[in-house]
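# Per-entry structural report
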Amino acid sequence: MERVMMKGNEALAEGAIRAGCRFFFGYPITPQNEIPEYMARRLPEVGGVFLQAESEVSAINMVYGAGGAGARVLTSSSGPGISLKLEGISYIAGAQVPCVIVNVARGGPGLGGLTPSQADYFQATKGGGHGDYRLLVYAPGNAQEMVDLMGLAFDKAEEYRNPVMILTDAIMGQMMEPVVLPPLRTVTAEQPWATTGKQGRKKPNLINSLGIVGEELERINIELQAKYDRMAAAEARYEADGTAEADLIVVAYGTSSRVARSAIARLRQEGKKVGLFRPVTLWPFPQAVLASLAADGKRFLVVEMSAGQLVEDVILAVNDRAKVSFFGKLNGTVPTVREVYDRIRSLLPEGGEG
Amino acid sequence: MKKIFAYPRALTQKRTHYCPGCTHGIIHRLVAEAIDDLDIQERTIGIAPVGCAVLAYDYFDLDFQEAAHGRAPAVATGIKRVHPEAIVFSYQGDGDLASIGMAEIIHAAARGEKITVIFVNNTVYGMTGGQMAPTTLPGQKTTTSPYGRDTATVGYPIRVCELLATLDGPAYLARVSVHDPAHIVRAGKAIRQAFAMQMAGKGFSLVEVLSSCPTNWGMTPVQALSWIKEKMIPYYPLGVFRAPEEVTGDDV
Ligand SMILES: Cc1ncc(C[n+]2csc(CCOP(=O)(O)OP(=O)(O)O)c2C)c(N)n1
Ligand code: SF4
Ligand SMILES: [Mg+2]
């Protein structure tokens, strides 16, 4: 086990290499450039392939090809580039091809800005591309999770034959933190369903999302939905910090969860009972846990760097059993600890010890 | 007795959905014969387009990936980088390759990506009902150029082989036709040559095949073949546009 200081983006890249990823296709965009730049240096060292594509559209289709051919393959981008990748992501989901896609989110809509944002939550969790499909979406909370969730992402992508997204943001990508790196894994591109050339197989392998004949499309969708049900039942992850004894629970992921944690620490020093609920998977959303906390009479405050996207999933999860408040930042800046502290205070009973 | 004619091993027995007189079927056969000839069926991977050939994977007895509209060269790139020893080819129409997928084909060619592209130019969007394509001839009537392609407002057809021949990446570029038996034989040789280039690791190879679409041209199959000869070939001259020195273009 090696312990090193790394930028979040580099932790993602090295995490992928350690997980056996040997193929990267991407296109430059800030604030994720450290990932392709790291891969361009590092992949040749481990016998892998880095290729800068002519566009995000091409990059994701190269991913579709490489993933369909059985390899562990990564691409990364930010908002405008992820929007271009959505066509390919829909095909990849439809054809059940494993791969990992990173979004180091920046502010939008349109060209937006380069500052951190959490406004791509809907895009990541509610589709974005066409058709009824789901991505498994991880939201790391620190550089260590960048490494660990990347490894998990590749394993889960293969287990479910499904694209997995890692949604993070400009701050998390740029921040240096110590990480412990797992050993290097070597994974061969051997999957029984992959396109390799028939190699003596009787039946050719086909990677495809077309279902125009008869009831084929319905059958494909039923199969996909059954898989998503299995994922929803088994894959939800979260961190619950002091939620059992809390009067108020802050719900936040990624950068906003880090700010919220600092605000909560201060409030706890003052004797307030405030908890943090941090979804680690944004899809499947850990709604059952939130629902039972709501049933226990908790109040919720959702903090995110958007006009309110995660908050919709929280409201759905608590389903009128609890009051949900919202604090969002729209200007591409991170909420300050003071702002979050004040907002939590304003929601707590006046002068009460909890 | 020597067998001189047989059903290609690289084709399945499935009946195609192509219209009567459509030359997509002939081109499939030529591709399959080249694969048989070169004995590469067990290591060949095809990429099907979005277009009339979308179900190509049903007709070839090969591993296949179906690509999004125009993206086949990018998909082929991903596969080839994972399996450099495999033979990877895309089969694409003119709307697919020369319109929505122009960026993908140019960059795959410029990279010298070691793939083979079978480019089927029938001057229309066949699958969607015969709309104007980037290859529609000046004055040609289609459902979206009902008064004939007016070059003053919608510009001129794109000659893909000539365009790609400006790049250093391609190893082999040829334009062939399948409107009569003699041309079909030459087309088959060019397709075989393109695959052979890939096997030799030479780089990007593409064969443009002038193909008929009697349905959307509003012609009988026989009229459509004459139209290729009389109208298409003058605009899209046949020949080899790029080849290594040791390969002569005479037979195309
Ligand atoms: C993104 C996208 N846009 C449009 C279509 C609709 N579409 C299907 S086939 C096709 C044109 C195919 O024409 P061509 O590539 O020339 O092939 P042909 O059918 O003539 O062989 C179009 C526009 C699509 N499937 N996807
Ligand atoms: S529409 Fe045209 S290209 Fe398509 S199958 Fe029919 S004849 Fe062939
Ligand atoms: Mg066409």
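Refer to the structure above for everything that follows.
Residues numbered from 1 in each chain as written. Chains lettered and ligands numbered in written order. Predicted model: local features only at pLDDT ≥ 70, side-chain atom pairs only at ≥ 80, totals over all residues. Heavy atoms only, no water.

### Overview of the coordination of the magnesium ion (ligand 3)
All names here are of chain B. Listed as protein donors to the magnesium ion (ligand 3) are D94 (OD), N122 (OD1) and V124 (O); their distances from the metal cover 2.0 to 2.2 Å. All donor residues of the magnesium ion (ligand 3) come from one chain, and their arrangement in sequence is D-x27-N-x1-V. Neither residue differs from the other here; N122 and V124 are each classed as buried. (Donors = N, O, S within 2.8 Å, 3.2 Å for Na, K, Ca; no water. Buried < 20%, exposed > 50% of the residue type's maximum accessible area, 1.4 Å probe, protein only.)

### Focus: the site of ligand 2
Residue and element names in this part refer to chain B. In the region of ligand 2, the neighbouring residues are Y18, C19, C22, H24, C52, N122, G126, C213, P214, T215 and N216. Among the elements that line the shell around ligand 2, the one with the most residues is helix α9 (residues 214-217), at 3 residues. In terms of residue class, the shell around ligand 2 is made up of 6 nonpolar, 5 polar and no charged. (Near = heavy atom within 4 Å. Helix = DSSP H or I, 4+ residues; strand = E, 2+ residues; numbered from the N terminus. Nonpolar A, V, L, I, M, F, W, Y, C, P; charged D, E, K, R; others polar.)

### What to know about the pattern of salt bridges
Enumeration according to the criterion identifies 33 salt bridges over all chains in this entry. The partner of R345 of chain A in a salt bridge is E270 of chain A, with the nearest N and O atoms 2.9 Å apart. Placement of the pair is R345 of chain A in helix α12 (residues 337-347) and E270 of chain A in the loop between α9 (254-269) and β12 (274-279), with a sequence separation of 75 residues. Assessed through its relative accessible area of 31%, R345 of chain A is described here as partly exposed. In this structure, the salt-bridge partner of R111 of chain B is E113 of chain B, at a minimum N-O distance of 2.6 Å. (Salt bridge = Lys/Arg side-chain N within 4 Å of Asp/Glu carboxyl O.)

### As for the site of ligand 1
All names here are of chain B. Residues in close proximity to ligand 1 total 16 residues, the closest being C52, D94, G95, D96 and G126. G95 is positioned such that a nitrogen or oxygen atom in its backbone is 2.8 Å from an oxygen atom of ligand 1. Contact between ligand 1 and V124: an oxygen atom at 3.1 Å from a main-chain N or O atom of the residue. About the coverage of ligand 1: the protein hides 76% of its 590 Å² of free accessible area. (Polar contact = N/O pair within 3.5 Å; in protein donor to acceptor, adjacent residues only side chain to side chain. Areas by Shrake-Rupley, 256 points an atom, 1.4 Å probe, with all protein chains shown as cover.)

### As for the nonpolar core
One finds L74 of chain A together with F204 and L206 of chain B to be the most contacted residues of the largest nonpolar core, which totals 120 residues. Ranked by residue count, the leading element in this core is helix α6 (residues 143-160) of chain A, at 10 residues. Each of domain 1 (2-234) and domain 2 (239-352) of chain A accounts for three or more of the residues forming this core. Not counting residues within four places of it along the chain, the set of residues in contact with L74 of chain A comprises A16, C21, F23, F24, F25, I35, M39, V63, V100, V102, M150 and F154 of chain A. (Core = buried A, V, L, I, M, F, W, Y, C linked by side-chain atoms within 4.5 Å. Domains from an automatic or database assignment. Contact = heavy atoms within 4.5 Å.)

### A word on helix α1 (residues 24-38) of chain B
All names here are of chain B. Between its first and last C-alpha atoms α1 spans 21 Å; for 15 residues at 1.5 Å apiece the expected length is 21 Å, and the two agree. Among all positions of α1, only H24, I27, H28, L30, V31, A32, A34, I35, D36 and L38 are buried. Among the residues trailing α1, D39 stands out with phi positive, at a value near 55°. (Expected span 1.5 Å × (residues − 1).)

### Brief notes about the side chain of S145 of chain B
All names here are of chain B. On the secondary structure map, S145 appears in the loop between β6 (131-132) and α6 (151-154). On the basis of relative accessible area, S145 is assigned to the buried category, the value being 6%. Of note is the side chain of S145, whose polar atom sits 2.7 Å from the side chain of T142. Sequence-distant contacts of S145, that is, excluding residues within four places in its chain, are made with M132 and Q140.

### Description of the sheet that holds strand β1 (residues 44-48) of chain B
Pairing is mixed across the open sheet formed by 8 strands, whose spatial order is β9(A)-β2(B)-β1(B)-β3(B)-β4(B)-β8(B)-β7(B)-β9(B). Only two strands of the sheet have a single partner each, and these edge strands are β9 (206-207) of chain A together with β9 (239-242) of chain B. Across the sheet, helix α5 (residues 102-111) of chain B touches β3 (87-93), β4 (116-121), β7 (170-177) and β8 (204-210) of chain B, and the angle it forms with β8 of chain B is around 135°. (Pairing = 2+ DSSP bridges. Axes fitted to C-alpha atoms, helices over the stretch in contact; angles between N-to-C directions.)

### Digging into the environment of D296 of chain A
The topology assignment puts D296 of chain A in the loop between α10 (287-295) and β14 (299-304). In this structure, the C-alpha to C-alpha distance between D296 of chain A and D247 of chain A, residues 49 residues apart in sequence, is 9.8 Å.

### Here we look at unusual backbone geometry
At the junction of T30 of chain A and P31 of chain A, the peptide bond is cis and its omega measures out at 5° in the coordinates. Here the amide bond leading from G108 of chain A into P109 of chain A is cis, since omega sits at 0°, within 30 degrees of zero. Note that P109 of chain A resides in the loop between β5 (99-105) and α5 (121-125). Its identity is not glycine, yet R161 of chain A carries a phi of approximately 50°, on the positive side. Relative to the helices and strands, R161 of chain A resides in the loop between α6 and β7 (163-169). Residue class for R161 of chain A comes out partly exposed when judged on its relative accessible area of 23%. Located in the positive-phi region is D39 of chain B, a residue other than glycine, with phi close to 55°. When you line up the elements, D39 of chain B lands in the loop between α1 and β1. By relative accessible area, which is 62% here, D39 of chain B ends up exposed.

### Section: the packing of α9 of chain A against α12 of chain A
Each packed pair of helices is defined by two parameters, the angle between the axes and the distance between the axes. Residue and element names in this part refer to chain A. Closest axis-to-axis distance for the α9/α12 pair is 8 Å, and the angle between their directions is 55°. Classified by the interaxial angle, the pair formed by α9 and α12 is oblique. α9 and α12 meet at a crossing whose hand is right-handed. Taking contact as the criterion, the partners of V259, A260, S262, A263, I264, R266 and L267 in α9 are, on α12, V337, R338, V340, Y341, I344 and R345. (Parallel < 35°, antiparallel > 145°, perpendicular 65-115°, else oblique. Left-handed = near helix turned anticlockwise from the far one by under 90°.)

### Some remarks on the sheet that holds strand β6 (residues 136-138) of chain A
Residues and elements named next belong to chain A. Taken together, the 7 strands give an open sheet; going across it, the order is β3-β2-β4-β5-β7-β6-β13, and neighbouring strands pair in mixed fashion. A strand with exactly one partner marks an edge of an open sheet, and here the two such strands are β3 (49-52) and β13 (281-283). On average, adjacent strands in this sheet sit at an angle of 20° to one another, irrespective of strand direction.

### Quick notes on the interface of chain A and chain B
Of the residues lining the interface, 33 residues belong to chain A; the matching set on chain B comes to 33 residues. Approximately 2,600 Å² of surface area, both sides summed, lies buried where chain A meets chain B, with 59% of it carried by carbon and sulfur atoms. Area buried by chain A at its contact with chain B is led by E54, N61 and K198 of chain A, which between them contribute 20% of it. Taken together, chain A and chain B are joined by 4 salt bridges. For the salt bridge of E87 of chain A with R71 of chain B, the shortest nitrogen-to-oxygen distance reads 3.0 Å. Counting only elements with at least two residues in the side of chain A that touches chain B, the list comes to β2 (23-26), β3, α3 (56-68), α4 (79-94) and β9 of chain A. Counting residues per element, the side of chain A that touches chain B draws most heavily on α3 of chain A, at 8 residues. Its residues assigned to classes, the side of chain A that touches chain B shows 17 nonpolar, 11 polar and 5 charged. (Buried area = accessible area lost by both parts, 1.4 Å probe.)

Remember, this is a structural readout, not a statement about activity or role.
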